[in-house]
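Analysis of the macromolecular model
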Amino acid sequence: MQASRSALKKENPLGMDVMSSEEYASQSKLLLEFTNVPSIESAWLFKTNNEDRSTAMFSISQPDLLANNKRKYILHSHIVTHKTMPLECHWSPFPIEMTGVSVVPSPSGSKLLVVRNGEKGSRTRLQIVNQSHVEKEIHVDWSIHGPLYTDEWFQGISWNHEETSIAYIAEQPPQPKPAFDDAGYRKEISSEEDCNNWRGQGDWEEDWGETYSRKGRPSLFVLDIASGEVRAARDVTKSLSVGQVVWAPPSSSGHQKLLVFVGWLEHNGFQSTARKLGINGSESVSASVATNLTPGMSSALFPRFSKDGKLLVFLSSKRAVDTGAHNATDSLHRINWPSDWKADQQLSVTDVVPVVMCPQDGCFPGLYCSSMLSDPWLSDNCTMVLTSTWRSTEVILSIDVLSGEVTRISPEDSGYSWSALAINGNNVLSVSSSPIDPPQIRYGRRASTEDHGTRAWVWDEVTSPLTAASNKIKALLSHHKLSILRVPVPNLSDDLSDGGRLPFEAIFVSCEDSSQKPTVLILHGGPHSTSVSSYSKSSAFLASLGFNLLIANYRGTLGYGEEALQSLPGKVGSQDVQDCLAALDHVIKEGLVDASKVAVVGISHGGFLTTHLIGQAPERFAVAAARNPVCNLSLMIGTTDIPDWCYAVACGTQARRLASESPSPDHLQIFHQKSPIAHISKVKAPLLMLLGGADLRVPASNGLQYARALRERGGEVKTIMFPEDTHEIDIPRSDFESFLNMGVWFKKYLKQI
Ligand SMILES: CC(=O)N[C@@H](C)C(=O)N[C@@H](C)C(=O)O
């Protein structure tokens, strides 16, 4: 007996039953198919001497499980358009690996800035490359600045028009720390550390929280390419974190000296204390002589000058900042830029696209943009192209910034999502995808003939080497169908705004004979975030396991107008939970799914809903999984980098003025009552808890407390902790293991039914 157990132990160290280890083995092979599909991160289009020809450069990423990092590489292609024949695309034979490197082409496309950020304390390497060789290499010491920011918020690298200087955002060098040696404290500071002295910690400094911890203050620097000199921008207020820098047009003297950037105030804690609440806090657009160009506006982002330099356009998330929702309906604004602007000249801001409160059915629901192209302009200098959320899809919009006219230019005929990658003249390079169809590159141009007074857009398919990997996935999902369902609001209450009464949506990915198959209810976080009908590796993997997917965009989701969004704050744990149950009731009533075979999964606030649902409706869910879920707001309030968010979602946006670092017992009671942990005694479903040990947004203690409390009540819980992972659990091996376990966990408990 002893011998066989050790043999088994050798063969199956995890003590897994044979069934499970075989399931792990087969599912991991399948998940690898999805993991190896490369993703298009960004792209650039370069003019050629011929209107019908352009060169494209694509930045592609692919998880590298062996190196446990994200492999990055560049692919080039020459695109030739013909009036009457299909578009031609000639791809470079092999990709060029660029892992750990960021690149930014110059406006003319003749040069490339190559950035290699150094590890903590080591130099940053900047290279200016032309078509044949490295023209200039600059090594920047930590005493000047640390790594360049390449995140979604602070990042900003901008060439000037003459391509002689580059402005960028990098980590400010660390503040001096106290020095000690075997004689004690050393008054004089020396940069050199030797074996006889050491540095202390010094004062603790607030940082911007999740994903920014221990990063230096985002600061503005300018590289003069000819001299290789790097200098910090003058006159920027010390207590301002800055990002998203662009050069202002040259003055009439032809010189270009002005930089326009976004500034984040660092005193945006409660009662304006010196705390950096997890981003976004209140930001403003300023010019480098540190003049606030948007006084009185609580948010201004992504500044962009028109090609002729006459217009400065920017997005605003002032609704998100003013209501504390952290994400809400955006608006677009314009400043007419005078050729010789003087710092003391206050410029007026014109609204271009206002916040849409309650859209008419099928009409433009407002702007919801998480990024903006570095060059978003069509050749008429007044039309910009943006990617925005439109209900459950992502769409490409053109906006005439003089008239404010908004036009949806990506096709409306399919539930697919579209995203703009780059523009050249009046051509738009983009990708389109769906939950069951990996991204396909498209090349858009205006039709030559008018149709009802407008020239529609034609989107040619661009065959690419990436298609091969996609075709395997398409084959695995060829029997699935995509539909977007409108779900009426349950139990309409009188206090609801018109927008809060509008139907919400759910994306339904169905297998053949869907009513015979298990269904996974997938819930996004935020709650003011969204699940759009674009391709996601994780959803495609779950669908390929033979599950229907019901992806609920409950009220509060971006893309349905501001009133619908603002109907949720103060009602989390009730309105959003009822909406998720209403979406499930809808597909059951339509006979599309088997009510007895339903799993539920969610991340962050989606985990809040998941653990609420298995507590409030324990009979309706056979199994559940949650990634870094919010399970107890009264615990989160003291540990998260966004305590203001806890007040906004639980008590409503009015509660902001009562918010405090030390919440009152009344507020703590409200936080607990509105949390999933308040319903834990009723939970029956087995729960898979996936936690990131380095999560500063919803610290792992939140999910761990819930998992331990459930086990304490005899509940079936499996917890996996990824110690190095932050809130998103996106380190490649961690992401792989978490979705593999989710698939096996769902199969195990849905098969038993
Ligand atoms: C504003 C915010 O970060 N809220 C979190 C609780 C959350 O749900 N985040 C979402 C966006 C996520 O998916 O992580």
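Residues numbered from 1 in each chain as written. Predicted model: local features only at pLDDT ≥ 70, side-chain atom pairs only at ≥ 80, totals over all residues. Heavy atoms only, no water.

Going by the annotation in an unreviewed UniProt entry, the name recorded for the protein chain is Acylamino-acid-releasing enzyme, with Triticum turgidum subsp. durum given as the source organism. Check the Catalytic activity (unreviewed entry) section of the UniProt entry for the protein chain; it says "Cleavage of an N-acetyl or N-formyl amino acid from the N-terminus of a polypeptide." Turning to the protein chain, the UniProt annotation filed under Subunit (unreviewed entry) states: "Homotetramer." (UniProt positions renumbered as here; feature names shortened; annotations may be inferred.)

What follows is about the overall build of the protein chain. For the protein chain, the count of helices and strands is 14 helices and 39 strands. Dimensions along the principal axes, computed over C-alpha positions, put the protein chain at roughly 85 × 80 × 65 Å. Looking at the protein chain as a whole, 57% of its 753 residues qualify as buried. Sequence-distant contacts, at least 24 apart, represent 61% of the contacts inside the protein chain between residues at least 6 apart. As displayed, the protein chain offers around 32400 Å² of accessible surface, 52% of which is attributable to carbon and sulfur atoms. Computed over 69 positive and 82 negative side-chain charges, the separation of the two mean positions in the protein chain equals 3 Å. (Helix = DSSP H or I, 4+ residues; strand = E, 2+ residues; numbered from the N terminus. Buried < 20%, exposed > 50% of the residue type's maximum accessible area, 1.4 Å probe, protein only. Contact = heavy atoms within 4.5 Å. Areas by Shrake-Rupley, 256 points an atom, 1.4 Å probe, with all protein chains shown as cover. Lys, Arg positive; Asp, Glu negative; His and termini not counted. Charge placed at Lys NZ, Arg CZ, Asp CG, Glu CD.)

This part is about the layout of surface pockets. Computed from the structure, the second largest pocket encloses a volume of approximately 990 Å³. Lining the second largest pocket are 33 residues, and of these Lys 120, Pro 173, Pro 174, Gln 175 and Lys 177 lie nearest its centre. Among the residues making up the lining of the second largest pocket, the classes are represented as 10 nonpolar, 9 polar and 14 charged. (1 Å grid on protein atoms, 1.4 Å probe; cavity = no way out; pocket = protein on both sides within 12 Å on 5 of 7 lines; lining within 4 Å. Points joined across faces, edges and corners; volume = space filled by probe spheres on them. Nonpolar A, V, L, I, M, F, W, Y, C, P; charged D, E, K, R; others polar.)

We now examine the packing of aromatic side chains. All chains considered together, the criterion is met by 20 aromatic pairs. Each ring, one from Phe 154 and one from Trp 264, has its centre 4.8 Å from the other, and the planes form 70°; the classification is edge-to-face. Remark: Trp 264 occurs in strand E18 (residues 259-265) and Phe 154 occurs in the loop between strand E9 (134-140) and strand E10 (157-159); sequence separation between them is 110 residues. For the pair Phe 154 and Trp 264, a shared accessibility class is recorded, and that class is buried. Positioned over the ring face of Tyr 149 is Lys 215, at 5.2 Å from the centre of the ring. Seen from the ring of Trp 390, Arg 408 lies directly overhead, with NZ or CZ sitting 5.0 Å from the centre. (Phe/Tyr/Trp six-rings, centres within 6.5 Å; stacked < 30°, edge-to-face > 60°. Lys NZ or Arg CZ within 6 Å of the ring centre and 35° of its normal.)

Another aspect to go through is the UniProt feature "domain: Peptidase S9 prolyl oligopeptidase catalytic" (unreviewed entry) in the protein chain. In this numbering, the UniProt entry assigns the feature "domain: Peptidase S9 prolyl oligopeptidase catalytic" (unreviewed entry) to residues 534-751. Along residues 534-751 one finds 44% helix and 13% strand; the C-alpha atoms at either end are 29 Å apart.

What follows covers the side chain of Thr 329. Relative to the helices and strands, Thr 329 is located in the loop between helix H3 (318-323) and strand E23 (331-336). Exposure remark for Thr 329: the relative accessible area of 0% places this residue in the buried category. Separated by 3.1 Å, the side chains of Thr 329 and Tyr 368 make a polar contact. Only 2.6 Å separates the side chain of Thr 329 from the side chain of Glu 562, close enough to count as a polar contact. (Polar contact = N/O pair within 3.5 Å; in protein donor to acceptor, adjacent residues only side chain to side chain.)

To locate leftover empty space, one rolls a probe as large as a water molecule over the atoms. Enumeration according to the criterion identifies 3 cavities of 30 Å³ or more in this entry. Considering only enclosed or pocket space, the largest cavity measures out at about 60 Å³ in volume. For the second largest cavity, the calculated volume is near 50 Å³. Around the second largest cavity sit Asp 437, Pro 438, Pro 439, Gln 440, Thr 467, Ser 470, Asn 471 and Lys 474, which together line it. Of all the secondary-structure elements, those providing two or more residues to the lining of the second largest cavity are strand E30 (437-446) and helix H4 (466-476). Within the lining of the second largest cavity, the residues separate by chemical class into 2 nonpolar, 4 polar and 2 charged.

Moving on: the nonpolar core. The biggest cluster of nonpolar side chains holds 62 residues, and the ones touching the most others in it are Leu 521, Leu 550, Leu 613, Ile 614, Phe 621, Leu 633 and Tyr 706. The dominant element in this core, judged by the number of residues it contributes, is helix H8 (residues 575-589), at 7 residues. The residues touching Ile 614, leaving out its near neighbours within four places in the chain, are Val 600, Phe 621, Ala 624, Lys 682, Val 683, Lys 684, Ala 685, Leu 687 and Tyr 706. Grouped together as the second largest cluster of nonpolar side chains are 41 residues, Trp 208, Leu 220, Val 245 and Val 395 included. (Core = buried A, V, L, I, M, F, W, Y, C linked by side-chain atoms within 4.5 Å.)

The next thing to look at is the pairing of strand E22 (residues 311-316). Here E22 lies mainly inside the structure; 6 of its 6 residues are buried. Neither face of E22 is left uncovered, since the one carrying Leu 311, Val 313 and Leu 315 and the one carrying Leu 312, Phe 314 and Ser 316 both have all their residues buried. Here strand E21 (residues 301-305) pairs with E22 via 3 bridges, running antiparallel. Note that in E22 the partner of Phe 305 across the bridge is Leu 312. (Pairing = 2+ DSSP bridges.)

The next thing to look at is the domain arrangement of the protein chain. Each assigned domain of the protein chain is listed with its residue range as follows: domain 1 (157-178 + 205-355) and domain 2 (481-750). Using C-alpha coordinates to define each centre, domain 1 is positioned 35 Å away from domain 2. With 22 residues of domain 1 in contact, the opposing surface of domain 2 contributes 26 residues. The largest share of the area that domain 1 buries against domain 2 comes from Glu 210, Phe 270 and Arg 275, three residues that together contribute 35% of it. Note that Arg 319 is salt-bridged to Glu 562, the shortest N-O span being 2.9 Å. Taken together, the residues of the side of domain 1 that touches domain 2 sort by class into 8 nonpolar, 10 polar and 4 charged. (Domains from an automatic or database assignment. Buried area = accessible area lost by both parts, 1.4 Å probe. Salt bridge = Lys/Arg side-chain N within 4 Å of Asp/Glu carboxyl O.)

What follows concerns the sheet that holds strand E16 (residues 229-232). The strand order across the open sheet formed by 4 strands is E10-E11-E15-E16, and the pairing between neighbours is antiparallel. Looking at which strands have only one partner, the edges of the open sheet turn out to be E10 and E16. Strand-to-strand, the axes of this sheet are offset by a mean angle of 25°, without reference to chain direction. As paired elements, strand E11 (residues 165-171) and strand E15 (residues 218-224) share 7 bridges and run antiparallel to each other. The partner of Tyr 168 across the bridge, within E15, is Phe 221. (Axes fitted to C-alpha atoms, helices over the stretch in contact; angles between N-to-C directions.)

Backbone torsion omega between Gly 526 and Pro 527 reads -5°, so that peptide bond is classified as cis. With a phi angle near 55°, Glu 163 is a residue other than glycine that sits in the positive phi range. Looking at the element boundaries, Glu 163 is found in the loop between E10 and E11. Residue classification places Glu 163 among the buried residues on the basis of a relative accessible area of 9%. The backbone of Ser 604 shows a phi angle near 60°, a positive value even though the residue is not glycine.

Inspection of every chain in the model, using the stated rule, returns 0 disulfides. In this model Cys 358 remains outside any disulfide bridge; the closest cysteine sulfur is found in Cys 363, 11 Å from its own. For Cys 358, a relative accessible area of 27% corresponds to the partly exposed category. Unpaired in terms of disulfides, Cys 646 finds its nearest cysteine sulfur in Cys 651, a separation of 9.3 Å. Relative accessible area serves as the criterion here: at 0%, Cys 646 is assigned to the buried category. (Disulfide = S-S within 2.5 Å.)

The buried count for helix H11 (residues 643-651) comes to 8 of 9 residues, which makes it a mostly enclosed element. Turning to H11, its buried residues are Pro 643, Asp 644, Trp 645, Cys 646, Tyr 647, Ala 648, Val 649 and Ala 650. On its buried face, H11 sits against H3, helix H9 (605-616), helix H10 (633-636) and helix H12 (665-673). Positive backbone phi, approximately 95°, marks Gly 652, located one or two places after H11.

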